[in-house]
Amino acid sequence: MDLLKPAGKKVVLLGNEAIARGALEAGVGVFAAYPGTPSSEVPIALSRVAKQRGLIFEYTANEKVAFETAAGAALSGVRAMTSMKHFGLNVAADSVGPIAYYGTKAGFVILVADDPNGWSSAQSEQDTRYYSRMFKVPTLEPSDPQEALDLTRFAFDLSEEFHVPVFVRSTTKVSHVIETVTLGKFKKPKTRGVFAKDLEHYNNIRPGLQKLHRELDEKIKKIEKKYGKKINKVYNKNSKQKIGIITSGVSFQYTMELLNMLGAKIPVAEINMTFPLSEDFISSFIKDKKKVLVVEELEPIVEEFVNKTAKKVNPRLVVHGKDLLPSDGEYTLELLLPVFEKFLKRDLKLDLKAHKRKYDNILKGLPPRKPVMCYGCPHRSTFYAVKEIFGDGPHVIYPGDIGCYVLGIFEPFKMQDLVVSMGASIGIGHGITRVSDQDVVVFVGDSTFFHAGMPELATLRFHDGKSPLVVVLDNHVTAMTGHQPHPGSGFTATSNPTKAIDIAEVAKALGAEVRVVNSFNQKQLKQALQELKEVKGPRVLVSRGECRLFWKRSMAKKGLSWPVFEIDQNKCQKCGVCTDKFSCPAIIKDTSGALPVFKIDPNLCWGCSVCAQVCPYGAIRVKKEESK
Amino acid sequence: MNYDIMLTGVGGEGVLTTQVVLARAANFDRYMVEGVQLHGLAQRGGHIPAFVRLHPFNQTVSPAVMQANADLILAFEPLEAIRAAYYARKEKTVFLINDDPLKPVYGNILDIPYPSTEEIKKRVSGFAKEVHVIRASETAKQKFGKKIYGNILMLGYAKAKGLLPISEESIIKAVKETVRYDVDKNIKAFKLGLEMGR
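What you are looking at is a predicted structure, and each value in this text was computed from that prediction instead of being measured.

**Quick word on the sheet that holds strand β9 (residues 233-235) of chain A**
Pairing between sheet strands relies on hydrogen bonds along the backbone, with the strands arranged either parallel or antiparallel. Residues and elements named next belong to chain A. Strand order in the open sheet formed by five strands is β9-β11-β10-β13-β14, with mixed pairing between adjacent strands. Either end of the sheet is taken by a strand with one partner, and the two such strands are β9 and β14 (318-320). With strand direction ignored, the average angle separating the axes of adjacent strands in the sheet is 20°. One ladder, built from three bridges, connects strand β10 (residues 243-247) with strand β11 (residues 268-270); its direction is parallel.

Structure, rendered in structure tokens:
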């Protein structure tokens, strides 16, 4: 495994693996996380090596618990880390401010992965660097996997030196990038510590609160002074050019490649610490310049600081940034090229617009390939049954949630009417039910239920009247992010067995009328839904069916095969229910002849049998030969 | 030298594993390697664009290939070859297409037919110096029992056609270090690809 290769080796690592390696090189003793892409591969990598490296590794019910677990360990003198996606920080945020005030004993690092362009997230393109400022948490920002490794390792030292938690902020194009990385030395993890009582320090009731606040401000000033000039870098230092570029994150990589393409050797400032930004560093870079271009994805945080600093040291400086570049989405070489050409007054004469027009032309009339629920996905079966019972149209609202089932937003189901945040389906559904006579059926996953769904469900019992029907899609794991276990899975992050918490029992204890069904059984599903339709108060359907991808992988590992299904062409009435309404991607409609022919691809069928249950003519049956 | 490879296909069909094989092989041959590898939502049966960029160590190169700038496009699914043409141009790019259509369900639902292989070739021809179409998955299924070995077979074919500036030994070593199951069959598939390309 490349992650554990010795120091000095050059290996290809994913950005998130490089972050994991950085943590191992820093001797991280405790790592706790709730998975969230684009950060998920950090805990995945560490969970695989935790036993071997001797560190404590845990998945928690949500990011707040993960943050607190790591904080508790760090306050007890053990190097600790947590990782999360940008939205995860919203969940952890409640505890981040107070911990920043308290500070830490041992190094405490929080990796936050932002997702401009929403490759693995919907909802928003929030920029973590605002949190850095709000909570006053020093923030390091790598531009590629090598820097991700180095800065993660350094983050522990920085945290320990100044007794503050430290953010490492990455984005998708750092976390999900592979690169040749040179490895450093491991430090042996220390996993035992002691929490030293200190009521004088931990007293955050005023005036203790103000004292802690002042201390944090002092630490930030000291960090800016000591590392501001050291950690940020200047390239093409000897250039006499009066123009320059200030950049951070992956934009630094695009900048250097474009300058090379354009043959322009102008000074470039790479900001590796985006909080605190160093006034000394920016001043010395801009004081002799006529104009600068600030290249950063998302919000103009560095740009605003450059403007502020210019007012003091070089008021005539022209600062370009978001006047030429977008705040939304990701940057690319082709998006930046025309801006660089204009800024540098050079022209490569590549007609990329004409190329794009020609390209758009060849895309016409192609079938779209949006992401889709897997072959045999239990969620598809549940969506199908719910639509059969509750129908489609303005009379029924389907608030959605965060997980694979968000794919129910697409055809043919279109049953994620709005998706807000983890567990929000229940709260939003509750709000609608309070004011409207519409039927409300909400979908929430098992991992999401433990993450944020329980307080939402508890709220339903807390008032009189109608409640939304809560459908818990229980596929036993956190499927979307890579099949991590959750408190209902029955095994721990390091694959040890543990007692699973039963969602149905939790829902009963929270005051709901509960039915439990097998997701792969349409008859059970429909009957339970019919019964719960008549219930007025809190009601929960737990639809249980193992994630078919997880199931298929474990079958393959054991070398087992499964029955696959086929369509009896003599019985098929060509009604299209299997392809147009149920839409398992293993079922193919061949329209090359006069009449369509419906077939199941035996290479793709994962044998869930639900298509055979939904076929109105009983035309789908088990095929004789089996598949692997 | 700099060499930009784009890999495209459908999530869950081994595109990313193949990308890692290429990247590791290039690393063994002392290239600096960069590339994009997306995970999460994009992976579920959606189309997966992945890159491998080879370059010398003294250059800073970003992870994603620029529009109209790929040297080689490895399309593990034919429809996705058309969408990959964004990264291709007539003077530079070679397409290697695996003729194994995975018809998207949205074609069924929205009644949009899947284009023929001829149609696909026609559409990319304005963006390609050369187009190679091979039945890698089918051949792999017949010879070795599973379509998935077609991915590594494609690498063998590309190598034989002079489209990969990486040594055979390094690719085989990378397969051994990367592929989790049936390493032997993957290496056989690679060698079969080499033969087919010669």
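Next comes the rest of the write-up.
**A look at the interface of chain A and chain B**
The interface of chain A with chain B comprises 54 residues on the first partner and 48 residues on the second. Mapped by element, the contributors of at least two residues to the side of chain A that touches chain B are β1 (10-14), β8 (177-182), α10 (251-262), α13 (333-344), α14 (352-362), α21 (577-582) and β23 (587-590) of chain A. Direction of pairing for β8(A) relative to strand β2 (residues 32-36) of chain B: antiparallel, over a ladder of three bridges. Bridging from a neighbouring strand, A:Glu179 pairs with B:Glu34 of β2(B).

**Regarding the domain arrangement of chain A**
Interface size is commonly expressed as the accessible area that is lost once the parts come together. Residue and element names in this part refer to chain A. If you check the domain split of chain A, you get domain 1 (2-230), domain 2 (232-355), domain 3 (378-553) and domain 4 (561-627). If you average the C-alpha positions of domain 1 and of domain 2, the two centres end up 28 Å apart. Facing 25 residues of domain 1, the contacting portion of domain 2 comprises 23 residues. The set of elements that each furnish at least two residues to the side of domain 1 that touches domain 2 consists of α5 (129-135), β6 (139-140), β7 (166-171), α7 (172-175) and α9 (208-231). Take the side of domain 1 that touches domain 2: its biggest share by element is six residues, from α9. Along the lines of polarity and charge, the residues of the side of domain 1 that touches domain 2 split into nine nonpolar, six polar and ten charged.

**So, the pairing of β1(A)**
All names here are of chain A. Counting buried positions along β1 gives four out of five residues, so the element sits mostly inside the fold. Of the strand pairs in this sheet, β1 and β8 are connected by five bridges, and their pairing is antiparallel. For lysine 10, the partnering residue across the bridge sits in β8 and is threonine 182.

**Concerning the environment of B:Leu192**
Residues and elements named next belong to chain B. Tracing the chain through its elements places leucine 192 in helix α8 (residues 183-197). Each C-alpha atom, one on leucine 192 and one on lysine 176, is 17 Å from the other, the two residues being 16 residues apart in sequence. Setting aside residues no more than four positions away along its own chain, leucine 192 makes contact with Lys143, Leu153 and Gly156.

**Examining the sheet that holds strand β15 (residues 396-397) of chain A**
Residue and element names in this part refer to chain A. Spatially, the five strands line up as an open sheet ordered β15-β18-β19-β21-β20, and their pairing is parallel. Of all strands in the sheet, those with a lone pairing partner are β15 and β20 (513-518), marking the two edges. Looking at chain direction, strand β18 (residues 439-445) and strand β19 (residues 469-474) are connected through five bridges and run parallel. Residue phenylalanine 443 lies in a different strand from β19, and its bridge partner there is valine 471. Helix α15 (residues 378-390) rests against β15, β18, β19 and β21 (539-544) of the sheet, and its axis sits at about 160° to β19.

**Some remarks on the packing of helix α4 (residues 86-102) of chain A against α9(A)**
Residue and element names in this part refer to chain A. Running from amino to carboxyl end, α4 crosses α9 at an angle of 75°, the nearest separation of the two axes being 8 Å. By the angle class used here, α4 and α9 are roughly perpendicular. Touching Ala100, Tyr101 and Tyr102 of α4 are Leu212, His213 and Leu216, all from α9.

Definitions and limits used
Residues numbered from 1 in each chain as written. Chains lettered and ligands numbered in written order. Predicted model: local features only at pLDDT ≥ 70, side-chain atom pairs only at ≥ 80, totals over all residues. Pairing = 2+ DSSP bridges. Helix = DSSP H or I, 4+ residues; strand = E, 2+ residues; numbered from the N terminus. Axes fitted to C-alpha atoms, helices over the stretch in contact; angles between N-to-C directions. Contact = placed C-beta atoms within 7 Å. Domains from an automatic or database assignment. Nonpolar A, V, L, I, M, F, W, Y, C, P; charged D, E, K, R; others polar. Buried ≥ 20, exposed ≤ 12 C-beta atoms within 10 Å, placed from the backbone. Parallel < 35°, antiparallel > 145°, perpendicular 65-115°, else oblique.

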